[in-house]
Structures are given as C-alpha cells and as structure tokens.
Amino acid sequence: MAKKKARSRPSGDLLKLLATRPRAVALAALHVSESVLLELESSEVLSAAEIRGLLKDASTTLRNAAEQVDNRSCLIASEIVDSMRESFKRNKT
C-alpha cells in the first residue's frame, strides 16, 4: 500500500504574509485560476464555451450570495468574474 504524502503546514512567515497581504493573495489566486482555465482549454479538457459557462455560473453564484447577505465583496467578485468571461470571449472569437 502506498504511503500518503504528508502535507506540511505553511510556515509562520507565510501565514503572516497571507494575513497582512489579502489583496496580493487574491491577485495570485485570480491569476492561478485564469492560468488553469487557459490550460484546460488548450489541452482540450474544456471547450471555450464550457469555460465561459463555468465563469457565468461562478458570477451568478457570487451575485446571489451578495444579494442574500448584502456582501459588497461578493458583488465585486462577481463583476471581476464577468470581466474575465468577457475577456475570454473576446480573445477566443
């Protein structure tokens, strides 16, 4: 039976960095997500239309969450995802 790979916890310095730089964390997550979507499309795991649908679903979910809890961050995140979807649409047509 194969051994499970042990996952180490982030070091104290990394935890401090994550806590004090939320904008940088969000920007890194956004770019990683976009890279993953582009790789899924280029390796033909998902079509461009499927990726646009995924982004539309994400945006709708965020917008609904914003309405339910009156959370401005969710609304702004929804607008960012919409912008990604529109940009992806322009670049792929």
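Keep in mind the model is a prediction, meaning the values are calculated, not measured. (Residues numbered from 1 in each chain as written. Predicted model: local features only at pLDDT ≥ 70, side-chain atom pairs only at ≥ 80, totals over all residues. Heavy atoms only, no water.)

## Let's talk about the overall build of the protein chain
When you go through the protein chain residue by residue, the secondary structure sums to 4 helices and 0 strands. Its helices and strands in sequence order give the protein chain the pattern α-α-α-α, from N to C terminus. A total of 93 residues make up the protein chain; the buried ones form 14% of that total. For the protein chain, the share of sequence-separated contacts (at least 6 apart) that also reach a separation of at least 24 residues comes to 48%. Counting only carbon and sulfur atoms, one obtains 56% of the accessible surface of the protein chain, whose full area is about 7,700 Å². (Helix = DSSP H or I, 4+ residues; strand = E, 2+ residues; numbered from the N terminus. Buried < 20%, exposed > 50% of the residue type's maximum accessible area, 1.4 Å probe, protein only. Contact = heavy atoms within 4.5 Å. Areas by Shrake-Rupley, 256 points an atom, 1.4 Å probe, with all protein chains shown as cover.)

## Digging into the side chain of Asp-82
Secondary-structure assignment places Asp-82 in helix α4 (residues 72-92). By relative accessible area, Asp-82 is classed as buried at 18%. When near neighbours in sequence (up to four residues on either side) are disregarded, Asp-82 contacts Ser-59 and Arg-63.

## Some thoughts on a nonpolar patch on the surface
A cluster of nonpolar residues, Leu-14, Leu-15, Leu-17, Leu-18 and Val-25, forms a patch on the protein surface that exposes about 400 Å² of accessible area. Per element, the largest residue contribution to the nonpolar patch is 4 residues, and it comes from helix α1 (residues 12-20). Tracing the backbone through its elements, the reader meets Val-25 in helix α2 (residues 22-42). Owing to a relative accessible area of 34%, Val-25 belongs among the partly exposed residues under this scheme. (Patch = residues over 30% accessible without salt bridge, like charges linked within 9 Å, V, L, I, M, F, W, Y side chains within 5 Å. Salt bridge = Lys/Arg side-chain N within 4 Å of Asp/Glu carboxyl O.)

## A look at the confidence of the model for the protein chain
Across the protein chain, the average pLDDT comes to 84, with 86% of residues at 70 or higher. In the model of the protein chain, α1 stands out as the element of lowest mean pLDDT, 76, in contrast to helix α3 (residues 48-69), which has the highest, 93. (pLDDT = per-residue confidence, 0-100.)

## Some points on the environment of Arg-85
Positionally, Arg-85 belongs in helix α4. Judged by relative accessible area, which is 19%, Arg-85 ranks as buried. For the pair Arg-85 and Lys-56, spaced 29 residues apart in sequence, the C-alpha separation works out to 7.1 Å. Leaving out residues up to four positions away in the same chain, Arg-85 has contacts with Arg-52, Leu-55 and Lys-56.

## Overview of the nonpolar core
Within the largest apolar cluster, 7 residues are counted, these being Leu-37, Ala-48, Ile-51, Leu-55, Val-81, Met-84 and Phe-88. If you list the elements that add at least two residues to this core, you get α3 and α4. (Core = buried A, V, L, I, M, F, W, Y, C linked by side-chain atoms within 4.5 Å.)

## Points about the pattern of salt bridges
Evaluated as defined, the whole model comprises 3 salt bridges. Across the salt bridge formed by Asp-82 and Arg-63, the nearest N and O atoms sit 2.7 Å from each other. With a gap of 19 residues between them, Asp-82 in helix α4 and Arg-63 in helix α3 connect regions that are remote in the sequence. In this structure, the salt-bridge partner of Arg-85 is Glu-86, at a minimum N-O distance of 4.0 Å.

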